[in-house]
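The primary structure of each chain is shown beneath.
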Amino acid sequence: MAKLVVEILDASDLMPKDGQGSASPFVEVDFDRKQQPLRTQTKHKDLNPVWNEKLVFDIDNPGGLPNRTIDVVVYNDHKGGHHKNFLGRVRISGASLPPSESEAAVQRYPLDKRGLFSHIKGDIALRIYPVLDGCSDFFAAAPKENGVESVESCEHDEGEVYEKKTKKKKEKEVRTFHSVPTAAAAPPPVFAGFGGNYQAREKPVAVEQRTDFARAGPAVAMQMQIPRQNPEFGLVETRPPVAARMGYRGVDKTASTYDLVEQMHYLYVNVVKARNLPVMDISGSLDPYVEVKLGNYKGVTKHLEKNQNPVWNQIFAFSKERLQSNLIEITVKDKDIGKDDIVGKVFFDLSEVPVRVPPDSPLAPQWYKLEDKRGMKMQGEVMLAVWMGTQADECFPEAWHSDAYSVSPESLAHTRSKVYFSPKLYYLRVNIIEAQDLVPWDKDRGGVNAFAKIQLGIQVKVTKPFPARSMNAIWNEEFIFVASEPLEDFIIITIEDRVAPGKDEILGRIIIPVRDVPYRLDHAKLPDPRWFNLFMPQFGEGGAEKKKEIKFASKVHLRLCLEAGYHVLDESTHFSSDLQPSAKLLKKPSIGMLEVGILSARNLLPMKGKDGGTTDAYCVAKYGNKWIRTRTLLDSLAPKWNEQNTWEVYDPCTVITIGVFDNCQITGSKDDSKDKRIGKVRIRLSTLETDRIYTHYYPLLVLSPSGLKKHGELQLALRFTCTAWVNMVAQYGRPLLPKMHYVQPISVLHMDGLRHQAMQIVAQRLARAEPPLRREVVEYMLDVDYHMWSLRRSKANFYRIMSVLSGITAVCKLYNDICNWRNPVTTCLVHVLFLILVCYPELILPTVFFYLFVIGVWNYRYRPRHPPHMDARLSQAEFAHPDELMEEFDTFPTTQPSEFVRARYDRLRHVAGRVQTVAGDLATQGERAQAILSWRDPRATAIFIIFSLICAVFIYVTPFQFVAVIVGLYLLRHPRFRHKMPSVPVNFFKRLPSKSDMLL
């Protein structure tokens, strides 16, 4: 007889149930209702128990194994086996089992709840597989194949005795069971098809190809568990030695201090200028520059030609961790063709360097006499300031850093930390109404087939051609563009004549500066339209003279306005960081402050494999219109930035995005090499507690065509401080977007196009800064391709919907358990509560709201203690199919070969067919509901209206409480008074006609 082996290895992070912060767990496995459940031994006082036991079940019908389920339940042994507490369960489909022991792998399953209000946590490791041959052969071969003892292990004496007893009882039940049925049981050869030699029935869909737990068949897939996310993709809480955690914080909670990062000490050398330098060349000229040397690190200023009184104003910063000498050597040199001449030197001892702590004022530079090689004072002085400080110094971002000593001066700007601001954006509304007195080029034509083309920058919109050929055209079409400050662009409106397909002639043009367009702050009234003169475009020489001779009288009627009451979306509303209107007058006051400390990263992958496996990492953070960029740390897989930044918060329901990139611009090459993405993190502010410091390592996950990769971990420190509690609480009752989005909404289709244009404008503007924030960085931070089709993302959204509906499923299951008297005590309590609410209906709403209050208070203990992060399991990225990823990262339009596109189309047709079937079933049920009173089935409608009349009379003459009690007791009746056949109302509804038979 075939066997089913359930190996129970261990469990972790179980819920304490003994009232002393621990539990005594054991596992009970139920495979067949006709067989007695088997259990493991009890592990006393252990929340992370290890069993390593095998439980073996007989399979009476191997062919039906895919249709069965295996229930694995973890209990707490409360009173020596007399009482047990529920710790969680896992329900596994037989269709998800591997075909043999050799293909079985250890899987970790999260423990599921028993009911809606259960509080369960932890997971369990299982290995389940069928055995085809006899039980005796299996036990004989197990020690040889696996190298471990089987169920008769001497380590588990207690479990062995218990299992032998249950096996004897089980065998008796099996013999009795096989004597009852008249039909022959399925022969053992049918089970061979479960592995791969299927001839009796079809193979399960994709059983061979799936490697995750969701290998169950479609009938039971929604009841199955999904393996827990890889621990490498989770958060790691840290306790770095920052001042805010160590209690050094001052009284003022909104002070901009560096208390969320570790202090990093630097030696600063400010080279200001020099005077009266001696001439070194025979020609009587001097090209001076300064060299600052500390051990092996050497910083050099720019050289100034023919200048004996040069001014440099350049600051050098040497990390204290890398100090290799106790002496600072500052040398003034003369730039020469061969060897540079030494003008003079100045030396400083580190022990005599003063310490500066902000907010102290900057250290005043002083004049120092230059010394020659013999240490004698000579002609010339240099103005210097040398001090020991931290990264809180105001000169830190602009200083030359010792860790960038190998970077050329031209590329040095790409390594510095900077703050950027997105341009202020407006929606420009253009309503082109009509045009009059249009003159065609060919006077013989009786009229023109005119259309208008509106252009703002790279944005172009075209009206429909006026259908009639005449000298006047009426369109009355409205277009919306995205404009940015400073309003330097021009609106170019061109009226053209459609002479023939593909041939257009320009009839006139007008250019309007955007700065001349009036603003509109609310929905009260649009600006009045205006008539504008159209000018004929001139070509060739003498255009100006011709313009004076031609009297051009064509006009165009326009209404223009800058919509300052909208918020121009440059990122998705699901994770937007700014929801304020464009007009400054309409902006609300801030409610708090967000402080983010970018501490460090670890375990970064080498991004420049060709250059010996290096990574030059920097971070970019975006919240609102403020972007910050940290300095680039060269050739480090564990960089430490320790930079802190602050943002004002206007709405708590916003998201901050922090990305990590590899700098590819510091090599000095002229080719357009793009910065490589290492990963990013999104954190929603509403999930953070106020005044609490969060310090975690966040996984840097990047999805590529080859699959999901972890590129390292980023350590962040966050604190959200509320300065206006009343305003913050009031924000939860206000609309998410400004008023104009609801009074005069913009369609979703137009909003997607406007968002894309806004992203392009922001990327173009930030790319013009110095150093530029490159386009690929901005697009990655703003998720420019978020709206593109992705089967992986569609599956993730589907599972999100099923997770939301799981609460309704749990309520229905609870109702079914009550109706079937699974727990008699609970069912009796529900009957009593039902009768009380029927007798006192005024208690229904207070009971419901009080119940919600109790649930919320009870769940407070289990609230999330960590901020959210990128979830690989929720995103369906961990086990995404390579073909799905290749489709997701394909260009638009596609560049793949035709056979790949055909396979995608066939797969899409298959998925769409299922969706079509579900949509048809939903439509059928709705049409049946409509058919009740539509007399499509005259007999059914007559039956229903007569029944409705009887019910109306009965309910009218009968007290409502009596009717409610009768209906409630009927629905909650005991299973003894139920039968398996469908009820009369269900049968009546299913017999109603639908329109499915009318489809072609």
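Just so we're clear, the structure is a prediction, and the values are computed from it rather than from any experiment. (Residues numbered from 1 in each chain as written. Predicted model: local features only at pLDDT ≥ 70, side-chain atom pairs only at ≥ 80, totals over all residues. Heavy atoms only, no water.)

Caption draft 1: Structural view of the overall build of the protein chain. When helices and strands are counted, the protein chain shows 16 helices and 36 strands. Across the 1000 residues that make up the protein chain, the buried fraction comes to 44%. Residue pairs in contact within the protein chain that sit at least 24 positions apart in sequence constitute 70% of those at least 6 positions apart. Accessible area for the protein chain stands at about 54700 Å²; split by element, carbon and sulfur atoms hold 57% of it. (Helix = DSSP H or I, 4+ residues; strand = E, 2+ residues; numbered from the N terminus. Buried < 20%, exposed > 50% of the residue type's maximum accessible area, 1.4 Å probe, protein only. Contact = heavy atoms within 4.5 Å. Areas by Shrake-Rupley, 256 points an atom, 1.4 Å probe, with all protein chains shown as cover.)

Caption draft 2: Local environment of empty space enclosed by the protein. Evaluated as defined, the whole model comprises two cavities of 30 Å³ or more. Contributing to the lining of the largest cavity are Ala399, Trp400, His401, Asp403, Ala404, Leu412, Thr415, Arg416, Arg631 and Thr632. The residue inventory of the lining of the largest cavity, partitioned by class, reads four nonpolar, three polar and three charged. Its boundaries defined by the atoms lining it, the second largest cavity holds a volume of some 40 Å³. Contributing to the lining of the second largest cavity are Trp789, Leu791, Glu887, Arg904, Arg907, Leu908 and Val911. Sort the elements by how many residues they give to the lining of the second largest cavity and helix α13 (residues 898–930) lands first, with four residues. Partitioned by chemical class, the residues of the lining of the second largest cavity number four nonpolar, no polar and three charged. (1 Å grid on protein atoms, 1.4 Å probe; cavity = no way out; pocket = protein on both sides within 12 Å on 5 of 7 lines; lining within 4 Å. Points joined across faces, edges and corners; volume = space filled by probe spheres on them. Nonpolar A, V, L, I, M, F, W, Y, C, P; charged D, E, K, R; others polar.)

Caption draft 3: Up close: the sheet that holds strand β1 (residues 2–12). Spatially, the four strands line up as an open sheet ordered β4-β1-β8-β7, and their pairing is antiparallel. The strands lining the two open edges of the sheet, one partner per strand, are β4 (50–59) and β7 (107–110). Strand-to-strand twist of the sheet, defined as the mean angle between neighbouring strand axes without regard to direction, takes the value 30°. Sheet topology places β7 next to strand β8 (residues 123–131); four bridges connect them, and they run antiparallel. Looking across to β8, one finds that Pro110 is bridged to Asp123. (Pairing = 2+ DSSP bridges. Axes fitted to C-alpha atoms, helices over the stretch in contact; angles between N-to-C directions.)

Caption draft 4: Summary view of the side chain of Glu381. Position of Glu381 relative to the elements: it lies in strand β17 (residues 377–390). Only 2.6 Å separates the side chain of Glu381 from the side chain of Arg275, close enough to count as a polar contact. Not counting residues within four places of it along the chain, the set of residues in contact with Glu381 comprises Ala274, Arg275, Leu277, Trp367, Tyr368, Lys369 and Leu370. (Polar contact = N/O pair within 3.5 Å; in protein donor to acceptor, adjacent residues only side chain to side chain.)

Caption draft 5: Layout of the pairing of strand β20 (residues 425–436). Of all twelve residues in β20, eleven are buried, a share of seventy percent or more. Bridge count between β20 and strand β28 (residues 555–563): nine bridges; the pairing is antiparallel. When the sheet's bridge partners are listed, Leu428 is paired in β28 with Leu562.

Caption draft 6: View of the packing of aromatic side chains. Under the counting rule described, the total for this entry stands at 15 aromatic pairs. Between the aromatic rings of Tyr427 and Tyr566, the centroid separation amounts to 5.8 Å while the plane-to-plane angle is 70°, which identifies the pairing as edge-to-face. Of this pair, Tyr427 sits in strand β20 while Tyr566 is found in the loop between β28 and β29 (592–602), placing the two residues 139 residues apart along the sequence. Exposure class is identical for Tyr427 and Tyr566. Each is buried. Ring pairs connect the aromatic residues Tyr266, Tyr268, Trp387 and Phe396, which therefore count as one cluster. The lysine or arginine in question, Lys335, covers the ring of Tyr289, its NZ or CZ lying 5.9 Å from the ring centre. Against the face of Tyr860 rests Arg863, its NZ or CZ located 3.9 Å from the ring centre. (Phe/Tyr/Trp six-rings, centres within 6.5 Å; stacked < 30°, edge-to-face > 60°. Lys NZ or Arg CZ within 6 Å of the ring centre and 35° of its normal.)

Caption draft 7: Structural context of the packing of helix α10 (residues 824–839) against helix α15 (residues 960–971). Here α10 crosses α15 at 160°, and the two axes come no closer than 10 Å. One element, α10, and the other, α15, form an angle in the roughly antiparallel class. Crossing hand, α10 versus α15: right-handed. Of the residues in α15, those touching α10 at His831, Phe834, Leu835 and Val838 are Gln961, Ala964, Val965, Gly968 and Leu969. Residue classes in the contact of α10 with α15 are distributed as six nonpolar, three polar and no charged. (Parallel < 35°, antiparallel > 145°, perpendicular 65-115°, else oblique. Left-handed = near helix turned anticlockwise from the far one by under 90°.)

Caption draft 8: Examining the environment of Arg692 more closely. On the secondary structure map, Arg692 appears in the loop between β34 (676–684) and β35 (693–704). Between the C-alpha atoms of Arg692 and Arg719, which are 27 residues apart in sequence, the distance is 5.8 Å. Setting aside anything within four residues of it in sequence, one finds Arg692 in contact with Leu718, Arg719, Phe720 and Arg865. Among the polar contacts listed, one links the side chain of Arg692 to the backbone oxygen of Arg865, at a separation of 3.1 Å.

Caption draft 9: Region of interest: the layout of surface pockets. In this structure, the second largest pocket encloses a volume near 1100 Å³. Residue lining of the second largest pocket: 44 residues in total, with Asp578, Leu579, Gln580, Pro581 and Lys587 positioned closest to the centre. Among the elements that line the lining of the second largest pocket, the one with the most residues is strand β32 (residues 640–649), at three residues. Considering only residue class, the lining of the second largest pocket consists of 18 nonpolar, 13 polar and 13 charged.

Caption draft 10: Structural detail: the pairing of strand β5 (residues 69–77). The element β5 is extensively covered by neighbouring structure, given that eight of its nine residues are classed as buried. Note: strand β2 (residues 25–30) against β5, six bridges, orientation antiparallel. By the bridge assignment for β5, Val29 is matched with Val72. One ladder, built from nine bridges, connects β5 with strand β6 (residues 84–93); its direction is antiparallel. Residue pairing across strands places Val72 opposite Val90, the latter belonging to β6.

Caption draft 11: Examining the sheet that holds β5 more closely. An order of β3-β2-β5-β6 is seen for the four strands of this open sheet, with the pairing classed as antiparallel. Edge positions in the sheet fall to β3 (38–39) and β6, since each of these pairs with one other strand and no more. Across two bridges, β2 lies against β3 in antiparallel orientation. Opposite Val29, over in β3, you have Leu38 as the bridge partner.

Caption draft 12: Region of the structure containing helix α9 (residues 791–819). Along its 29 residues, α9 runs 40 Å from first to last C-alpha, staying within 8% of the 42 Å computed at 1.5 Å per residue. Within α9, the axis deviates most sharply at Leu805, by approximately 35°. If you check which residues of α9 are buried, you get Leu791, Arg792, Ala796, Asp817, Ile818 and Cys819. Contacts made by the buried residues of α9 are with β35, α10, α12 (882–888), α13 and α15. Trp821 occupies a position one or two residues after α9 and carries a positive phi of about 55°. (Expected span 1.5 Å × (residues − 1). Bend = angle between axes of the 7 residues up to and from the residue.)

Caption draft 13: Here's a closer look at the pattern of salt bridges. Evaluated as defined, the whole model comprises 50 salt bridges. Of the charged contacts, one joins Arg469 and Asp497 as a salt bridge, the two residues approaching to 4.0 Å between their closest N and O atoms. Residue Arg469 is found in the loop between β22 (459–462) and β23 (473–484), and its partner Asp497 is found in strand β24 (residues 490–500); the two are separated by 28 residues along the sequence. Asp497 sits in the buried class, given a relative accessible area of 0%. Linking Arg775 and Glu779 is a salt bridge whose minimum nitrogen-to-oxygen distance equals 3.6 Å. (Salt bridge = Lys/Arg side-chain N within 4 Å of Asp/Glu carboxyl O.)

Caption draft 14: The arrangement of the packing of helix α7 (residues 748–766) against helix α8 (residues 775–782) in detail. Contact pair α7 / α8: the axes reach a minimum separation of 9 Å and the direction vectors enclose 140°. For the pair α7 and α8, the sense of crossing is right-handed. Facing Met759, Gln760, Val762, Ala763, Gln764 and Leu766 of α7, the residues of α8 in contact are Arg775, Val778, Glu779 and Leu782.

Caption draft 15: Up close: the confidence of the model for the protein chain. Looking at the protein chain, pLDDT values average 82 and 86% of them are 70 or higher. This stretch, residues 249–256, has a pLDDT under 50; its non-local contacts, to residues over four places away or in other chains, come to 14 contacts. pLDDT under 50 marks residues 539–550. Its contacts with residues more than four places away, or in other chains, come to six contacts. (pLDDT = per-residue confidence, 0-100.)

Caption draft 16: Representation of the side chain of His414 within the structure. By the element assignment, His414 lies in the loop between β18 (400–401) and β19 (418–421). Among residues more than four places away in sequence, those in contact with His414 are Arg629, Thr632, Asn663, Gln665, Ile666, Pro771 and Pro772.

Caption draft 17: Local environment of the environment of Ala758. Along the polypeptide, Ala758 turns up in helix α7. Judged by its relative accessible area of 0%, Ala758 falls in the buried class. Those residues in contact with Ala758 that lie beyond four places of it in its chain are Leu425, Val482, Val568, Leu569 and Asp570.

Caption draft 18: Examining unusual backbone geometry more closely. In this structure, Pro486 follows Glu485 across a cis peptide bond, with omega equal to -10°. Within the chain, Lys45 stands out as a residue other than glycine whose phi angle is a positive 50°. Its place among the elements puts Lys45 in the loop between β3 and β4. By relative accessible area, which is 49% here, Lys45 ends up partly exposed. At Asn642, a residue that is not glycine, the phi angle is positive and equals roughly 55°. The topology assignment puts Asn642 in strand β32.

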